[in-house]
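A look at the structure
One letter stands for each residue in the lines below.
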Amino acid sequence: MAGIVTPLYGALLDSPAEKSSWHGTHVAGTIAAAGNNSRGVTGVAPGAKILPVRAMSFCGGYTSDIADSIVWAAGGVVTGVPVNPNPAKVINLSVAGASACSATYQNAINFAHNSGAAVVAAVGNSNKSAADFSPANCQNVIAVAASDRAGARTYYSNYGSNVDVTAPGGDMRTDPLSGILSTYNTGTTGKAEPAYAFVQGTSMAAPHVSGVAALLISAQGGSLAPATLEQQLKDSARPLPGGCTGGCGAGLVDAAAALIAYDGNPPVAPSPATKITDFNGDGKPDVLARDTAGALWLYPGNGSGGWLAARQIGSGWNVMTAIEAPGDFNGDGKADVIARDSKGALWLYPGNGSGGWLAARQIGSGWNVMSAIEAPGDFNGDGKADVIARDGNGVLWLYPGNGSGGWLAAKQIGWGWNVMTAIDGPGDFNGDGNADVLARNSSGGLLLYPGNGAGGWLAAKQIGWGWDVMTAIEGPGDFNGDGQMDVLARNASGNLFLYEGYGSNGFFRSYQVGSGWNIMNAIL
């Protein structure tokens, strides 16, 4: 969080030392934790500035203190305190209590609203009507409920007609790693070592919305009215994939959809090192699979490590002896597929961005000498998707894409790769901005070969053991939505597992995401 927090006048912090839950630190990290530093997490709006105002202690506080903090944060006058020189444009209230909206609350919120500051509030964690909990039940508030990993309303989240939108809040009942990971600290009554921790609650959901609000304000300008901002968040929200009982507002807040709709441009495209695997255009990585009858199926990811309904998108694909998803190979911004037929001809199947195809065309011949064809993303750092291939002698070749569905001159980038029983290109697995390669050796060891960004390698590192029990290994991109590249693997029983990537450290954890996948003879 260093470098993104604005100074705060000390009088508002004049209270005796108490044990800290680091609740505010966790909330602040979800909004604006620094990114691209290979540490911990990245906030929803990493370029935003945090204005911390401590209104409560570990043991609670007074409504009047919270109200004064809202007024001060919005640039108003609070007796005995200098005027805030940096009025906030978004005020996050990760606090809730069972009461009607008091006049004290409403007056403070109205001041902030009229001053141009959007007020975002958690609806509470009691699995009751949100209408009975303040300050989310006040007027001029964006009230936020919480969803779990499956995209359903969490068991604890309040609900009802006054909920505006929903955002991830976590559910740690059966898995402590299914909470929201954010910034933390190991200190008790004082700051100690920075850390990261999983926490759950609508307090964790609200800052996701505050972060998206900050992105929209950044895109459209500081004069964006709070009411307009609220409506944009609602209009761009999507249905909860896991459903909602009781009322979750307009749906799950969707940063990409909001920015596309109201910025006039989509968010900055990912680096080509981050291989595009979104085949249906919803902004989430997908998986393709061919069954034994030659049918090709699209398994859309739900963005949180699960699936939407599968559908068939092709037939007759059993004539292909190799199929690979290279990302955007022809430069039109959509995920494509390349496939080799039994005669060694290589074909490009351009994706249409909605789960279908444009006209296929041949882009190579003689590829039947290759025993493996993989696509790591932009391996040579020229901004275009590439392909790597291993020949019968174990030599590994880089075939640089030219950005329009063709090739630049191939070059040898390795030898002795015939000891590898599986090779996959997951994109930028270690988070350094360069495309990488994973390979399994005959002993079942899984090795990370980090690309150097120029078509060569950094030192390889083993990141897994016992992978010889897997009959298929594929990198679908960031399948669970945590910002790290993940891996899918199928065992001999047909069970499909998601291995959540943890950068150069390997994997965070794994869990089953499917069964019956042994009917598939290609997964990409």
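Residues numbered from 1 in each chain as written. Predicted model: local features only at pLDDT ≥ 70, side-chain atom pairs only at ≥ 80, totals over all residues. Heavy atoms only, no water.

Next up on the list: the sheet that holds strand 28 (residues 520–523). Read across the open sheet, the 4 strands follow the order 11-10-9-28; overall the sheet is antiparallel. The strands lining the two open edges of the sheet, one partner per strand, are strand 11 (311–314) and strand 28. Strand after strand, the sheet turns through a mean of 35 degrees between neighbouring axes, direction not considered. Note: strand 10 (residues 296–300) against strand 11, 3 bridges, orientation antiparallel. Within the sheet, the bridge partner assigned to Trp297 lies in strand 11 and is Gln312. (Pairing = 2+ DSSP bridges. Helix = DSSP H or I, 4+ residues; strand = E, 2+ residues; numbered from the N terminus. Axes fitted to C-alpha atoms, helices over the stretch in contact; angles between N-to-C directions.)

So, about the pattern of salt bridges. Tallying each qualifying case throughout the model produces 7 salt bridges. Here Arg173 makes a salt bridge to Asp171, at a shortest N to O gap of 2.9 Å. With relative accessibility at 13%, the residue Asp171 sits in the buried group. The salt bridge involving Asp254 is made with Arg238; its shortest N-O contact spans 3.3 Å. Here Asp254, found in the loop between helix 5 (226–235) and helix 6 (255–263), pairs with Arg238, found in the loop between helix 5 and helix 6; they are 16 residues apart in sequence, far enough to count as distant. Judged by relative accessible area, which is 14%, Asp254 ranks as buried. On the accessibility criterion, Arg238 (21% relative accessible area) is partly exposed. Sharing partners across several salt bridges, the network here consists of Arg149, Asp175, Glu500 and Arg509. (Salt bridge = Lys/Arg side-chain N within 4 Å of Asp/Glu carboxyl O. Buried < 20%, exposed > 50% of the residue type's maximum accessible area, 1.4 Å probe, protein only.)

Within the secondary structure layout, Asp436 lies in strand 21 (residues 436–441). The charged side chain of Asp436 is buried without a salt bridge, its nearest counter-charge being Lys461 at 11 Å. From its side chain, Asp436 meets the backbone nitrogen of Asn430 in a polar contact 3.1 Å long. Filtering out sequence-adjacent residues up to four positions away, Asp436 remains in contact with Pro376, Gly425, Pro426, Gly427, Asp428, Phe429, Asn430, Leu448, Tyr449, Pro450 and Gly451. (Lys, Arg positive; Asp, Glu negative; His and termini not counted. Polar contact = N/O pair within 3.5 Å; in protein donor to acceptor, adjacent residues only side chain to side chain. Contact = heavy atoms within 4.5 Å.)

Another point: the domain arrangement of the protein chain. In terms of domains, the protein chain is made up of domain 1 (2–261) and domain 2 (286–523). Averaged C-alpha coordinates put domain 1 and domain 2 at centres separated by 38 Å. Taken together, the contacts link 9 residues of domain 1 with 9 residues of domain 2. Here domain 1 meets domain 2 over a buried area of about 640 Å², counting both sides, of which 43% is carbon and sulfur. Here domain 1 is connected to domain 2 by 2 salt bridges. Taken together, the connections running from domain 1 to domain 2 amount to 4 residue pairs in polar contact (both at pLDDT 80 or more). Here the side of domain 1 that touches domain 2 is composed, by residue class, of 4 nonpolar, 2 polar and 3 charged. (Domains from an automatic or database assignment. Buried area = accessible area lost by both parts, 1.4 Å probe. Nonpolar A, V, L, I, M, F, W, Y, C, P; charged D, E, K, R; others polar.)

The next point concerns the state of the cysteines. Here the structure, examined in full by the defined rule, presents 2 disulfides. Here Cys101 connects covalently by a disulfide to Cys138, the sulfurs 2.0 Å from one another. Here the S-S torsion is close to 105 degrees, and the disulfide linking Cys101 with Cys138 is therefore right-handed. Residue Cys101 is located in the loop between strand 2 (97–98) and helix 3 (103–114), and its partner Cys138 is located in the loop between strand 4 (133–134) and strand 5 (142–147); the two are separated by 37 residues in the primary sequence. Put simply, Cys244 and Cys248 are joined by a disulfide, and their sulfur atoms are 1.9 Å apart. Between Cys244 and Cys248, the S-S dihedral sits near 85 degrees, and the bridge is therefore right-handed. In this structure Cys248 comes out as buried when scored by relative accessible area, which is 6%. Assigning the bonded cysteines of the protein chain consecutive numbers by sequence position, one obtains the connectivity 1-2, 3-4. (Disulfide = S-S within 2.5 Å.)

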